[in-house]
Amino acid sequence: MKRKSIYKILWRVLLLCLAWRFTSVAGTGTAITAYIVFRAACFLLRVCLSAVYALGVALLFLSLLFLLIL
């Protein structure tokens, strides 16, 4: 097994334990709402980071093109 997959399994087990504890303390409705908000934030972060990366690559390409024109 690769190290990355082992870390991924351990991370999921840790999140499952935390979710179980949070559910038992706060209630199921609150835990489900927190999970939905967490997944939405992860999705938006992934999209925003992809957009920032694409913008950086485009700016690098344009700056190299500008240097070639000069």
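Remember, predicted model here, so these are calculated numbers, not experimental data.

A.B. asks: Quick rundown of the overall build of the protein? Include the residues and the values.
C.D. replies: Helix and strand counts for the protein stand at two helices and zero strands. Computed over C-alpha atoms, the radius of gyration of the protein comes to 20 Å, more than 25% over the 11 Å expected from 2.2 N^0.38 for 70 residues, which places it beyond the range of a compact globule. The proportion of buried residues among the 70 residues of the protein is 1%. As displayed, the protein has an accessible area near 6700 Å², and 78% of this comes from carbon and sulfur atoms.

A.B. asks: A description of a nonpolar patch on the surface should follow, citing residues and the corresponding values.
C.D. replies: On the surface, Leu55, Leu59, Phe61, Leu62, Leu65, Leu68 and Ile69 cluster together into a nonpolar patch covering about 780 Å² of accessible area. The topology assignment puts Phe61 in helix 2 (residues 28-69).

A.B. asks: Hey, could you go over the UniProt feature "transmembrane region" (unreviewed entry) in the protein for me, with residue numbers and the actual values?
C.D. replies: Per the UniProt record, "transmembrane region" (unreviewed entry) is annotated on residues 12-37 and 43-69. The distance separating the terminal C-alpha atoms of residues 43-69 is 39 Å; by composition the span is 100% helix and 0% strand.

A.B. asks: Please give an account of a positive patch on the surface that cites residues and values.
C.D. replies: A grouping of Lys2, Lys4, Lys8, Arg12, Arg39 and Arg46 is seen on the molecular surface, where their side chains present a positively charged patch. Elements represented by at least two residues in the positive patch include exactly helix 1 (3-26) and helix 2. No other element matches helix 1, which puts three residues into the positive patch. By the secondary structure assignment, Arg12 is in helix 1.

A.B. asks: Help me get a handle on the environment of Val37, residues and values and all.
C.D. replies: Along the chain, Val37 falls in helix 2. The exposure class assigned to Val37 is exposed, which follows from its relative accessible area of 54%.

Cut-off values and rules
Residues numbered from 1 in each chain as written. Predicted model: local features only at pLDDT ≥ 70, side-chain atom pairs only at ≥ 80, totals over all residues. Heavy atoms only, no water. Helix = DSSP H or I, 4+ residues; strand = E, 2+ residues; numbered from the N terminus. Rg over C-alpha atoms; globule rule 2.2 N^0.38 Å. Buried < 20%, exposed > 50% of the residue type's maximum accessible area, 1.4 Å probe, protein only. Areas by Shrake-Rupley, 256 points an atom, 1.4 Å probe, with all protein chains shown as cover. Patch = residues over 30% accessible without salt bridge, like charges linked within 9 Å, V, L, I, M, F, W, Y side chains within 5 Å. Salt bridge = Lys/Arg side-chain N within 4 Å of Asp/Glu carboxyl O. UniProt positions renumbered as here; feature names shortened; annotations may be inferred. Lys, Arg positive; Asp, Glu negative; His and termini not counted. Charge placed at Lys NZ, Arg CZ, Asp CG, Glu CD.

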